[in-house]
Amino acid sequence: MDDDGLLALIYRSRSRTVAELATFAHLDPADVAARVARLEERGAVTVRDGVLTYPEPAAWAARVIEDQTGALRASAVAATAQIEQVVAQLPAMLRHWSVGESSGDVAPVFARHGPHAAEDLWYDTSRESTGSAWGVFPNVERFVSTDPARAARFGAAFAGKQSVRGLVPRSVVGEPHLVAMIERYAEVGVEFRMLDALPSWFWIDGDLLALPSEWGEAWPTSVLGVRNAPLAALGRSLFDELWRRSEAIAVTDHSWTPLLRHMRRGITLDSASRALGINPRTGRRRVAAAMAHYGVSTLFALGVAWAADADRTAGVE
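Residues numbered from 1 in each chain as written. Predicted model: local features only at pLDDT ≥ 70, side-chain atom pairs only at ≥ 80, totals over all residues. Heavy atoms only, no water.

Student: Explain the overall build of the protein chain here, please?
Tutor: Check the secondary structure of the protein chain and you find 13 helices and ten strands. The burial tally for the protein chain puts 41% of its 317 residues in the buried class. Carbon together with sulfur atoms contributes 56% to the accessible area of the protein chain, which is approximately 16500 Å² in total. (Helix = DSSP H or I, 4+ residues; strand = E, 2+ residues; numbered from the N terminus. Buried < 20%, exposed > 50% of the residue type's maximum accessible area, 1.4 Å probe, protein only. Areas by Shrake-Rupley, 256 points an atom, 1.4 Å probe, with all protein chains shown as cover.)

What follows is the structure in structure tokens.
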């Protein structure tokens with residue numbers, strides 16, 4: 001009989017003492033005492049002067065789950081802090097590494113400087129074939145002042161990716177012009193979420209990790225990039241944890257709205273996507289998100305649900 005079997009026997013027999021349990025189980029008292037001690041370590045029973053007490057199983061399980069959840073949360077926070085510490089040390093290490101860089105290095109380092117350094121690095125090193133581009137942007141005002149031609153270039157590059165995510169400070173919700181900017185980027189498939197405290201500007205695009213020259217900068221004028229899969233994975237781990245803690249930004253419209261407006265006029269999904277300047281694959285992803293949002297499984301049902309929602313929003317009875 002294992003420990004769980006003994007616990008089941010305790011529940012069935014309602015034994016009041018370890019000695020009584022040993023008699024009921026036909027086991028050696030010393031062996032039963034050792035097993036009960038292990039159960040006590042798990043919190044399933046309590047022993048005082050040989051007297052057994054044990055909580056109702058659901059209450060015990062709930063307490064164990066609560067304790068373990070707290071431990072996991074603390075572990076995740078500690079792990080995230082450790083990851084951030086390593087990432088924070090990378091800029092200095094990369095600067096030293098770049099001094100001795102040669103064409104044969106397995107982790108080439110790229111550096112850009114100036115007011116457009118962050119954008120230039122992405123333009124010069126990003127690959128359209130990568131499936132995702134994730135970034136942390138403590139200073140969103142910089143996007144508003146970006147030259148329209150540069151913004152259009154961003155949009156065209158984002159359209160070909162499967163996942164484009166951005167983390168921004170919670171303060172953006174109080175700035176209508178920033179919310180409007182987020183909505184414009186949402187039109188080309190960028191998903192934004194907000195968080196109170198963002199550690200630094202950085203982004204990951206495929207196997208490229210981009211960092212400020214000094215960790216903690218909100219929008220750096222000197223940036224470093226390194227193309228290395230393990231380091232990019234490290235950056236994604238930090239981003240994943242920040243994303244998990246973040247909240248969605250409530251915007252006035254959804255990224256699928258322009259698509260559905262076109263499709264309502266009889267245009268196919270792929271044609272509507274191209275008309276909007278986005279990749280048909282991105283268009284299909286947005287329509288799938290719309291289906292999930294409205295809880296439907298066909299394009300026809302989606303059209304009906306979306307039209308009813310749009311009419312209701314506009315005040316049409």
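Student: In this structure, what is going on with the packing of aromatic side chains? I would like to understand it.
Tutor: When we look at a pair of aromatic rings, we describe it by the centre distance and by the angle of the planes. Counted under the stated rule, the structure contains seven aromatic pairs. Aromatic pair Phe-137 and Trp-219: ring centres 6.5 Å apart, planes at 35°, arrangement tilted. You can see Phe-137 sitting in the loop between strand E4 (132–136) and helix H6 (141–144) and its partner Trp-219 sitting in the loop between strand E8 (208–212) and strand E9 (222–227), a full 82 residues away along the chain. Judged by relative accessible area, Trp-219 falls into the buried class, the value being 15%. (Phe/Tyr/Trp six-rings, centres within 6.5 Å; stacked < 30°, edge-to-face > 60°.)

Student: Whenever I open this one, the sheet that holds strand E7 (residues 202–205) confuses me. Can you help?
Tutor: Sheet strands pair via backbone hydrogen bonds, and the direction of the pair is either parallel or antiparallel. Strand order across the open sheet formed by eight strands is E3-E9-E8-E7-E4-E5-E6-E10, with mixed pairing between neighbours. Unpaired on one side and paired on the other, strand E3 (109–113) and strand E10 (247–248) mark the two borders of the sheet. Bridge count for E8 against E9 is five bridges, and the pairing is antiparallel. Residue pairing for E9: Leu-209 is matched across the bridge by Val-226. (Pairing = 2+ DSSP bridges.)

Student: Help me understand the side chain of Glu-241, please; the structure alone is not making it clear to me.
Tutor: Position of Glu-241 relative to the elements: it lies in helix H9 (residues 229–245). The buried category is assigned to Glu-241, whose relative accessible area is 11%.

Student: So what exactly am I meant to see when it comes to the nonpolar core here?
Tutor: Across soluble globular proteins, nonpolar side chains show a tendency to be buried alongside one another. Judged by nonpolar contacts, the single largest core of 20 residues is most densely connected at Val-136, Leu-167, Phe-202, Leu-209, Leu-211, Phe-239 and Leu-242. For this core, the elements supplying multiple residues, two or more each, are helix H4 (57–99), E4, E7, E8 and H9. By residue number, the principal contributor to this core is H9, which donates seven residues. Ignoring any residue separated from it by four or fewer positions in sequence, one finds Leu-242 in contact with Val-136, Leu-167, Leu-195, Pro-199 and Phe-202. Formed by 16 residues, the second largest nonpolar core is a distinct cluster that contains Tyr-11, Leu-21, Leu-39 and Ala-44. (Core = buried A, V, L, I, M, F, W, Y, C linked by side-chain atoms within 4.5 Å. Contact = heavy atoms within 4.5 Å.)

Student: Hey, could you run me through the pattern of salt bridges in this one?
Tutor: Two side chains of opposite charge can pair, provided their charged atoms sit close to one another. Applying the stated criterion across every chain yields a total of 13 salt bridges. Two residues, Arg-35 and Asp-31, come together in a salt bridge whose shortest N-O distance is 3.1 Å. Here Arg-35 and its partner Asp-31 are both found in helix H3 (residues 29–41), four residues apart, which amounts to about one turn of the helix. Given the relative accessible area of 14%, Arg-35 is considered buried. Residue Glu-241 pairs with Arg-244 through a salt bridge whose shortest N-O separation is 2.5 Å. Residue Glu-241 and its partner Arg-244 are both found in helix H9; the two are separated by three residues, about one turn of the helix. (Salt bridge = Lys/Arg side-chain N within 4 Å of Asp/Glu carboxyl O.)

Student: Mind showing me how you'd approach unusual backbone geometry here?
Tutor: In terms of backbone geometry, most residues other than glycine have negative phi values and most peptide bonds are trans. Of note, the phi angle at Arg-14 is positive, near 55°, even though the residue is not glycine. According to the relative accessible area criterion, Arg-14 is exposed, its value standing at 54%. Even without glycine at this site, His-26 takes up a positive phi of about 55°. Its location among the elements puts His-26 in the loop between helix H2 (18–25) and H3.

Student: Just checking my understanding: could you explain H9 for this structure?
Tutor: Residue pairs three or four apart in sequence face the same way in an α-helix, which turns once every 3.6 residues. Taking 1.5 Å of rise per residue, the 17 residues of H9 would be expected to cover 24 Å, and the 25 Å separating its terminal C-alpha atoms lies within 8% of that figure. Among all positions in H9, only Leu-231, Ala-232, Leu-234, Gly-235, Leu-238, Phe-239, Glu-241, Leu-242 and Trp-243 are buried. (Expected span 1.5 Å × (residues − 1).)

Shape descriptors only; they carry no functional weight alone.
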